[in-house]
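Analysis of the macromolecular model
So the chains spell out like this:
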Amino acid sequence: MQTAWIIRSAADEIPAKNGVIVFAAGWAGSDELVRRRPLPEGYDFLCLYDYRTLPSPEETANLYAWLEPYRTRHLIAWSFGVWAAGRIFGESPVGWDTATAIGGTPRPVSDRYGIPERAFAVTVRSIGGAGTVKFLERMCGTPEILREYYGHRSTRPLEEIYEELLSLRQQTLAAPPEAPEPGFWTRAVVGGRDAIFPPEQMRRYWNEAGVPVKVCPDMPHYPLYEPHILTSCIAPDETR
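In this report, we go over the structure that sits alongside the text. Chains are numbered independently. Their residues run from 1 in the order of the written sequence. Confidence filtering applies because this is a predicted model: local features only for residues at pLDDT of at least 70, side-chain atom pairs given and counted only at 80 or more, and all residues used for totals across whole chains, interfaces and linings. Based on all heavy atoms of the structure, the side-chain values leave hydrogens and waters out of the count.

1. Examining the pairing of strand β3 (residues 43–49)
When you tally the buried positions in β3, you get seven out of seven residues, the bulk of the element. Because side chains alternate across β3, one face comprises the buried residues Y43, F45, C47 and Y49, and the other comprises D44, L46 and L48, equally buried. Strand pairing is assigned whenever DSSP detects at least two bridges linking the two strands. We count a stretch as a helix when DSSP gives it H or I for four or more residues in a row; a strand needs E for two or more, and each element gets its number in order from the N terminus. Note that strand β1 (residues 2–7) and β3 share five bridges and pair antiparallel. Looking at β3, one finds that Q2 is bridged to Y49. Where strand β2 (residues 19–24) and β3 come together, six bridges link them in parallel fashion. Among the inter-strand pairings, V20 is bridged to a residue of β3, identified as D44. The cut-offs for exposure are 20% and 50% of the maximum accessible area for each residue type, with area from a 1.4 Å probe on protein chains only; residues under the lower value are buried, those over the upper are exposed, and the others partly exposed.

Here it is in structure tokens:
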């Protein structure tokens, strides 16, 4: 896994900050997704991406140590970042004021709770060339949102993101299936027009886990075209 601070305060400046936001990007993502867009004011901002391997115990401990000094902490995870965040922070002593899962579940490859296994296998076979373009079109839903995405698209090489995809398949399918549970998640956001993670599968997982779900009827899989999405994700949870 790779980490990138978009905004980071010196240690003696942290008490004056509102807190920290951790964004766990999806497959093929990078810090470029968020580096050139408006971010919530008053917060430090850390991006996690590239899940070819998850952090070692030492790296995980360092990550926890980075977050511990902040008085408020918010987690926003998208797509496969939901699964990765669950693995990274599942045993964390650092708590979250809000933890929002967007367009994903902790069971990302699943015939019941995520991307059906057959559909995921087709994606693995088709990535590269025209297959990648078609995937991005489905991810964004409209030409306008696709153009917005291209303005923030990761420049990671195709070989690297394909390796990540193969690794994610191996890691997610190797884990024993677990029944839905809330964990540290405080809410989930589901796009009604998500063509990557079937909306009904995501709603089923979060409803069975007992996590409040907000359905955005017009949202495709890619959520960051919506200019206020990150700010809305750190708003207080009224259900808690």
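Structure shown, so let's carry the discussion forward.
2. Looking at the nonpolar core
Buried Ala, Val, Leu, Ile, Met, Phe, Trp, Tyr and Cys residues that are joined via side-chain atoms within 4.5 Å together make up what is termed a nonpolar core. Core analysis: the largest hydrophobic core is formed by 78 residues, its most contacted members being F23, F89 and W185. The element best represented in this core is helix α3 (residues 80–89), accounting for seven residues. Should any heavy atoms of two residues lie within 4.5 Å, those residues are considered in contact. In contact with W185, not counting residues within four places along its chain, are L75, A77, V82, A85, G86, A99, T100, A101, P106, W206 and V211.

3. Some points on helix α5 (residues 130–140)
Those residues of α5 lying buried are G131, T132, F135, L136, M139 and C140. The buried residues of α5 occupy an angular sector of 160 degrees when the element is viewed end-on, so they sit on one face. In α5, the exposed positions angled more than 90 degrees off the buried face are occupied by A130 and K134. The secondary structure elements touched by the buried residues of α5 are β4 (73–78), α4 (117–126), α6 (143–150) and α7 (158–174). Positive backbone phi, at 90 degrees, marks G141, one or two positions downstream of α5. As used here, the arc belongs to the directions running from the helix axis to the C-beta atoms.

4. Re the pattern of salt bridges
Put simply, a salt bridge is a Lys or Arg side-chain nitrogen that is within 4 Å of an Asp or Glu carboxyl oxygen. The tally for this structure, following the rule as stated, stands at eleven salt bridges. A salt bridge links D50 to R52; the nearest nitrogen and oxygen atoms lie 2.8 Å apart. For R52, a relative accessible area of 25% corresponds to the partly exposed category. The partner of R156 in a salt bridge is D50, and the shortest N-O contact between them spans 3.3 Å. With R156 in the loop between α6 and α7 and D50 in the loop between β3 and α2 (57–67), the pair connects residues that are 106 residues apart, well separated along the chain. According to the relative accessible area criterion, R156 is buried, its value standing at 11%. In the salt-bridge network here, residues are joined through shared partners; they are D50, R52, R156, E160, E163 and E164.

5. Regarding the side chain of Q201
Structurally, Q201 can be placed in helix α8 (residues 199–209). Residue class for Q201 comes out buried when judged on its relative accessible area of 6%. Within polar-contact distance, the side chain of Q201 engages the backbone oxygen of D111 at 2.9 Å. Those residues in contact with Q201 that sit more than four places away from it in its chain are S110, D111, R112, Y113, G114 and P116. A 3.5 Å cut-off defines polar contacts: any pair of N or O atoms within that distance qualifies, except that in protein one atom must be a possible hydrogen donor and the other a possible acceptor, and neighbouring residues in sequence count only when both atoms are side-chain atoms.

6. Section: the sheet that holds strand β6 (residues 187–191)
With mixed pairing, seven strands are arranged side by side in an open sheet as β1-β3-β2-β4-β5-β6-β7. Looking at which strands have only one partner, the edges of the open sheet turn out to be β1 and β7 (213–216). Going across the sheet, the axis of each strand differs from the next one's by a mean of 20 degrees, ignoring polarity. Pairing of β4 with strand β5 (residues 98–102) involves five bridges; the strand directions are parallel. When the bridges of β5 are listed, I76 appears paired with T100. Axis angles are defined between N-to-C directions and span 0 to 180 degrees, where every axis is a line fitted to C-alpha atoms and, for a helix, only to the segment in contact.

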